[in-house]
Amino acid sequence: MARLSHQIYPLTTGFHGPTRPVPNPELVAKYGYESFVPYGNSADNSDETLHTIAQSIRRDIIRELVEAKSGHSGGPLGSADIFATLYFGGLMRYDAKNPWWEWRDRFILSAGHMCPVLYSTLANAGFFPKSELLTLRKFNSRLQGHPGRDMGLPGIESSTGS
């Protein structure tokens, strides 16, 4: 791996605007997001555990799309099992508390319009609070319709969109 002579992570541009949107507090309470404990990444997670995590990812996708009143559902819902296996089945190396860890595995989502599944997966892994999922596609949100590196969201490795 090539060594960089200058620091590029974390990107410091952050979100575009003076303030980020606040998630609906009634929905945050209803969905139990304030008491959520992130899932662990382990090769010891059973198929049943991975299925449970995939179902949680799917619920979050529906919740974020309904709250946003727009977005794509088919691709994200259909790939939840893949994301659960990659991120929680011990296949990918990452540290949600240190998202720019030098030795992490990188995941690039080429089909940017499928970002609800990536956002939900990252929130379930503890990269950012699950309540932030309810700000999808809102003005000044870090969660836009395609993942953007310039939004400063931990776990996003590249701006994409197809």
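Structure first, text after, so check above.
Below you will find a few notes about this structure. Just so it is clear, the structure is predicted and the values come from calculations on it, not from any experiment.

1. Quick look at the nonpolar core
Here is step 1 of the chain: Counting residues in each nonpolar core, the largest one holds 32 residues, and the members touching the most others are Ile-57, Tyr-87, Phe-88, Leu-118, Tyr-119 and Phe-128.
Here is step 2 of the chain: Mapped onto this core, the elements with two or more residues apiece are α2 (47-68), α4 (80-88) and α5 (115-125).

2. Remarks on the environment of Gly-89
Here is step 1 of the chain: You can see Gly-89 is positioned in the loop between α4 and α5.
Here is step 2 of the chain: Residues Gly-89 and Asn-41, 48 residues apart in the sequence, show an inter-C-alpha distance of 5.8 Å.
Here is step 3 of the chain: Excluding residues within four positions of it along the chain, Gly-89 makes contact with Asn-41, Ser-42, Ala-43, Leu-50 and Ala-84.

3. Description of the packing of α2 against α4
Here is step 1 of the chain: Contact geometry for α2 and α4: axes closest at 8 Å, N-to-C directions at 120 degrees. By the angle between their directions, the pair α2 and α4 is classed as oblique. The handedness of the crossing between α2 and α4 comes out as right-handed. On the side of α2, the interface is formed by Leu-50, Ile-53, Ala-54, Ile-57 and Arg-58, while α4 contributes Ala-80, Asp-81, Ala-84, Thr-85 and Phe-88.

4. Comments concerning the pattern of salt bridges
Here is step 1 of the chain: Considering all chains together, one arrives at seven salt bridges under this definition.
Here is step 2 of the chain: Among the salt bridges present, the one from Arg-93 reaches Asp-105, with a minimum N-O distance of 3.3 Å. Here Arg-93 is found in the loop between α4 and α5, whereas its partner Asp-105 is found in the loop between α4 and α5, with twelve residues between them in sequence.
Here is step 3 of the chain: Judged by its relative accessible area of 27%, Asp-105 is partly exposed.
Here is step 4 of the chain: The structure contains a network of salt bridges with shared partners spanning Arg-20, Glu-132 and Arg-142.

5. A word on the packing of α4 against α5
Here is step 1 of the chain: At a minimum axis separation of 10 Å, α4 and α5 run at an interaxial angle of 35 degrees. Pair α4 / α5 crosses with right-handed handedness. Residues Ala-80, Phe-83, Tyr-87 and Phe-88 of α4 touch α5, and the partners they reach there are Val-117, Leu-118, Thr-121, Leu-122, Asn-124 and Ala-125.
Here is step 2 of the chain: In terms of residue class, the contact of α4 with α5 is built from eight nonpolar, two polar and no charged.

6. Brief notes about the environment of Lys-69
Here is step 1 of the chain: Its place among the elements puts Lys-69 in the loop between α2 and α3 (74-78).
Here is step 2 of the chain: Between the C-alpha atoms of Lys-69 and Lys-138, which are 69 residues apart in sequence, the distance is 10.0 Å.

7. A closer look at the packing of aromatic side chains
Here is step 1 of the chain: The tally for this structure, following the rule as stated, stands at eight aromatic pairs.
Here is step 2 of the chain: Both rings, one in Tyr-31 and one in Tyr-33, keep their centres 5.6 Å apart while their planes meet at 55 degrees; by these two values the pair is tilted.
Here is step 3 of the chain: On the accessibility criterion, Tyr-33 (6% relative accessible area) is buried.
Here is step 4 of the chain: Pairing Tyr-39 with Phe-88 gives two aromatic rings, centres 6.1 Å apart and planes at 75 degrees, and the pair type is edge-to-face.

Each value, and the rule that gives it
Residues numbered from 1 in each chain as written. Predicted model: local features only at pLDDT ≥ 70, side-chain atom pairs only at ≥ 80, totals over all residues. Heavy atoms only, no water. Core = buried A, V, L, I, M, F, W, Y, C linked by side-chain atoms within 4.5 Å. Buried < 20%, exposed > 50% of the residue type's maximum accessible area, 1.4 Å probe, protein only. Helix = DSSP H or I, 4+ residues; strand = E, 2+ residues; numbered from the N terminus. Contact = heavy atoms within 4.5 Å. Axes fitted to C-alpha atoms, helices over the stretch in contact; angles between N-to-C directions. Parallel < 35°, antiparallel > 145°, perpendicular 65-115°, else oblique. Left-handed = near helix turned anticlockwise from the far one by under 90°. Salt bridge = Lys/Arg side-chain N within 4 Å of Asp/Glu carboxyl O. Nonpolar A, V, L, I, M, F, W, Y, C, P; charged D, E, K, R; others polar. Phe/Tyr/Trp six-rings, centres within 6.5 Å; stacked < 30°, edge-to-face > 60°.

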